[in-house]
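Report on the structure
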Amino acid sequence: KSVGAEGWADVEKRFDKLAVDGLLLRSRFGQCIGMNEKEFAGELFDALARRRGIVTGTITKAVLRDFWEQLSDQSFDARIQTFFDMVDKDADGRITEAEVREIISLSASANKLSTLQDHADEYAALIMEELDPDGLGYIELHNLEMLLLQAPAHSSGTVTDSRKLSQLLSQKLVPTKEPNPIKRAAKKFAYFVEDNWKRIWPILLWLGVCVGLFTWKFVQYKNRYVFHVMGYCVSSAKGAGETLKFNMALILLPVCRNTITWL
Ligand SMILES: [Ca+2]
């Protein structure tokens, strides 16, 4: 993120200080390029080294220069290539569903998003569906570029300036903020339901049964003679009593099962 803010001269100076026998260790790569996120810098190092077939975990100054040039290149192609390399763990030029799943799990655990973790398979499948329309089982670099270029190409005809492109790319990747607060809340709620529907439906079912039982008894007693004497008191009490019976049964159910297992 802070890459590109400073020039090669600073990086070179740090290389001279950090390198041992002209070789820079992977663990010092982040510090050398001025990146604070150590883990991310490590991932970045792996991605860049992988594509160049470097397996030693150390780099020379010439290689660092090469890395630096790719990282500080703000063009759309260079950035998408770096991103692609980070996901493509075996550097075969293709992203498989397993690699997509891995990157989702990784970012989910890094950001402590447990529901995202739970749905990693599902989301990976969705991404594959979107980026692999021919069902080949993998994504290639041009699929990714196509998707990201589709929207801007629609809106503003031909866009060839790569700086403008990467700007549009960031716009597409960062969700636009909805100005209407009610619509925003509704959208948020929709996402919440989508992520938690497995927890929501049993609660809704339970609520539905309770309301149903209450209404059933309430109406039954409303049509009886006693209603004319006691009013709404008796129907409310009877309705509540019915839901109480249901909930008692619910509480007893697991106990029964345990008893059966025990026997
Ligand atoms: Ca791959």
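All chains use their own residue numbering, which begins from 1 and follows the written sequence. Given that this is a predicted model, residues contribute local features only at a pLDDT of at least 70 and side-chain atom pairs are listed and counted only at 80 or more, while totals for whole chains, interfaces and linings are drawn from all residues. As a convention, hydrogens and water are excluded, and side-chain values are obtained from all of the structure's heavy atoms.

Going by the annotation in an unreviewed UniProt entry, the name recorded for the protein is EF-hand domain-containing protein, with Opuntia streptacantha given as the source organism.

**Side note on the confidence of the model for the protein**
The predicted model of the protein averages 82 in pLDDT, with 87% of residues at 70 or higher. Counted against residues more than four places away or in other chains, residues 152-159, with its pLDDT under 50, gives six contacts. The predictor rates its confidence in each residue with pLDDT, a number between 0 and 100. Contacts are residue-level and defined by heavy atoms, with any inter-residue pair within 4.5 Å sufficient.

**Points about the pattern of salt bridges**
Note on definitions: salt bridges are taken to be side-chain nitrogens of Lys or Arg within 4 Å of carboxyl oxygens of Asp or Glu. Within the structure shown, the criterion is met by 10 salt bridges. Ionic pairing is found between Asp 66 and Arg 52, a salt bridge with its closest N-O pair at 2.6 Å. Placement of Asp 66 in helix 4 (residues 61-72) and of Arg 52 in the loop between helix 3 (38-51) and strand 2 (58-59) is noted, with a sequence separation of 14 residues between them. Summary of the burial criterion: residues with accessible area below 20% of their type's maximum are buried, those above 50% are exposed, and those between are partly exposed, where the area comes from a 1.4 Å probe applied to protein chains only. Judged by its relative accessible area of 26%, Arg 52 falls in the partly exposed class. Three or more residues are tied together by salt bridges with common partners; here these are Glu 12, Asp 16 and Lys 61. In DSSP terms, a helix is any run of H or I states spanning at least four residues, a strand is any run of E spanning at least two, and both are numbered starting from the N terminus.

**Considering helix 3**
The α-helix winds at 3.6 residues per turn, so residues separated by three or four positions along the chain end up facing the same way. To estimate the expected span of a helix, subtract one from its residue number and multiply by 1.5 Å. Taking 1.5 Å of rise per residue, the 14 residues of helix 3 would be expected to cover 20 Å, and the 20 Å separating its terminal C-alpha atoms lies within 8% of that figure. Elements in contact with the buried residues of helix 3: helix 2 (29-33), strand 2, helix 4 and helix 5 (76-87). At the C-terminal side of helix 3, Gly 53 shows a positive phi close to 70°.

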